[in-house]
Amino acid sequence: MTQPLAGVKVLDFSTLLPGPLCSLLLAEAGADVIKLERPDLGDEMRTYDPKLGEDSANFVLLNRGKQSIAIDLKSESALAQLTPAIEEADILIEQFRPGVMERLGLGYTALAQTNPRLIYCSITGFGQRGARSREAAHDLNYVAATGMLALTSGGDGAPSLPPALIADIAGGAYPAMINILLALMQRERTGRGLHIDVAMADNLFTLQYWGLASGALGVWPGTGTNLVTGGSPRYQIYRTADDAFLAAAPLEDKFWEAFVGIIGLDVSTLSRMPPSAAVEAIATAIAAHTAAYWEDRFAGRDVCVTRVVDLRDALHTAHFQERGLFKYAVVAPDGTEVSALPVPLNEEFRHACRVRRAPVLGEHNSLLERHSAS
């Protein structure tokens, strides 16, 4: 089956996570991705620990199947060297602060003159315009600025560090991929590309739809007081006798009634209690037995209860192994083969090669010479 993005050419000027993850999705769907890197260090992600040979394992996972060109974008010859590739490109991804690409002669307005069909995607924290558009920030800052981090606050009122880079992935890479695909569809009708402005902070509000819905009615979510932030006994984490944890989310009545019955409590009694008292009663019941005991009791029952496991255990769970999430592999520049990063693409769309390489810095510089010669 021909991949949906076969023949699509991508120039990726981005570094670290949001842009490279977006271009990884494009590469896995068949696009030819050329990664533009600094001649000295390349993408800063190459330097991160842990290492696979000279490069970071993070870099290897995020850059499977791409090509690398090392070029000094500040040099006088950079634009001339890149022009043939720009003329052929379908998509350009960049992640600099607003104005940087313009100063390099690589802004959208200039490149659209060279290639009117170019789809130019800019990924930034706060967008191309606005009071904070040039503010230095990282994922934690965007989560803080949009009200999301406050919702992680515990009993002492202190927010907790999120366990994932939510803004980079859910606010950056995924919206970029969605908009690029929409732009490709639109270009089929209009024949022209466009400039896509992906602001990671903006897209975090979408993830807080329930809080916005409540706020529209004048009830803004508070710390640990709402349905999914700790204010309900039906959406909690409970400790077992052996200091393991159960994630319990029996929100609907049929799940709730089954859950309460299994742990030996009475639904009508719990319903008369304040939420905090109901949480305490359930916590006491769960704490009386081990996690294995409760797993056995809940097995085969619709109760929406899951044991909390670590990443290593989750990786080797029979279910995810059967799903084939980790059957693909990536080879590091030193020859080490590891499981490729699972990506949210349907099996039929992914590259046919099970094993693909991550590029050595500047490995494909001959492509520039080839473009210039043609």
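Residues numbered from 1 in each chain as written. Predicted model: local features only at pLDDT ≥ 70, side-chain atom pairs only at ≥ 80, totals over all residues. Heavy atoms only, no water.

Caption draft 1: A look at unusual backbone geometry. Note that the residue after D49, namely P50, is joined by a cis bond; omega there is 0°. Relative to the elements of secondary structure, P50 occurs in the loop between β2 (32-37) and β3 (51-52). Notably, C304 is not glycine yet its phi reads approximately 60°, a positive angle. By the secondary structure assignment, C304 is in the loop between α13 (291-298) and β11 (305-307). The exposure class of C304 is partly exposed, given its relative accessible area of 35%. (Helix = DSSP H or I, 4+ residues; strand = E, 2+ residues; numbered from the N terminus. Buried < 20%, exposed > 50% of the residue type's maximum accessible area, 1.4 Å probe, protein only.)

Caption draft 2: Seen up close, the packing of helix α7 (residues 166-190) against helix α8 (residues 200-207). Following both chains from N to C, one finds α7 and α8 inclined at 100°, their axes separated by 8 Å at the closest point. Overall, the two elements α7 and α8 adopt an arrangement that is roughly perpendicular. In contact with I166, A167, D168, A170, G171, G172 and P175 of α7, α8 contributes M200, N203, L204 and L207. Considering only residue class, the contact of α7 with α8 consists of seven nonpolar, three polar and one charged. (Axes fitted to C-alpha atoms, helices over the stretch in contact; angles between N-to-C directions. Parallel < 35°, antiparallel > 145°, perpendicular 65-115°, else oblique. Contact = heavy atoms within 4.5 Å. Nonpolar A, V, L, I, M, F, W, Y, C, P; charged D, E, K, R; others polar.)

Caption draft 3: Structural view of the sheet that holds β11. The three strands lie next to each other as β9-β10-β11, forming an open sheet whose pairing is antiparallel. The strands lining the two open edges of the sheet, one partner per strand, are β9 (236-239) and β11. Between one strand axis and the next, the sheet turns by 25° as a mean value, whatever way the strands run. Inspection of the sheet shows strand β10 (residues 245-248) paired to β11 by three bridges, in the antiparallel sense. Counted as the bridge partner of L246 is R307 from β11. Helix α12 (residues 275-286) contacts β9 and β10 of the sheet and is inclined by roughly 40° relative to β9. (Pairing = 2+ DSSP bridges.)

Caption draft 4: How the structure looks around α13. Among all positions in α13, only A291, W294 and F298 are buried. Buried residues of α13 fall within an arc of 65° about the axis and therefore sit on the same side. Looking at the packing, one finds that the buried side of α13 touches β10, α10 (253-262), α12 and β11. Remark: G300 follows α13 within two positions and exhibits a positive phi of approximately 75°. (Arc of directions from axis to C-beta.)

Caption draft 5: Expanded view of the domain arrangement of the protein chain. Entries for the protein chain in the domain assignment read domain 1 (9-206 + 324-370) and domain 2 (236-316). Between domain 1 and domain 2, the C-alpha centre-to-centre distance is 41 Å. (Domains from an automatic or database assignment.)

Caption draft 6: Broad picture of a nonpolar patch on the surface. A cluster of nonpolar side chains, I178, L182 and M185, forms an exposed patch at the surface whose accessible area comes to about 320 Å². Judged by its relative accessible area of 52%, I178 is exposed. (Patch = residues over 30% accessible without salt bridge, like charges linked within 9 Å, V, L, I, M, F, W, Y side chains within 5 Å. Areas by Shrake-Rupley, 256 points an atom, 1.4 Å probe, with all protein chains shown as cover. Salt bridge = Lys/Arg side-chain N within 4 Å of Asp/Glu carboxyl O.)

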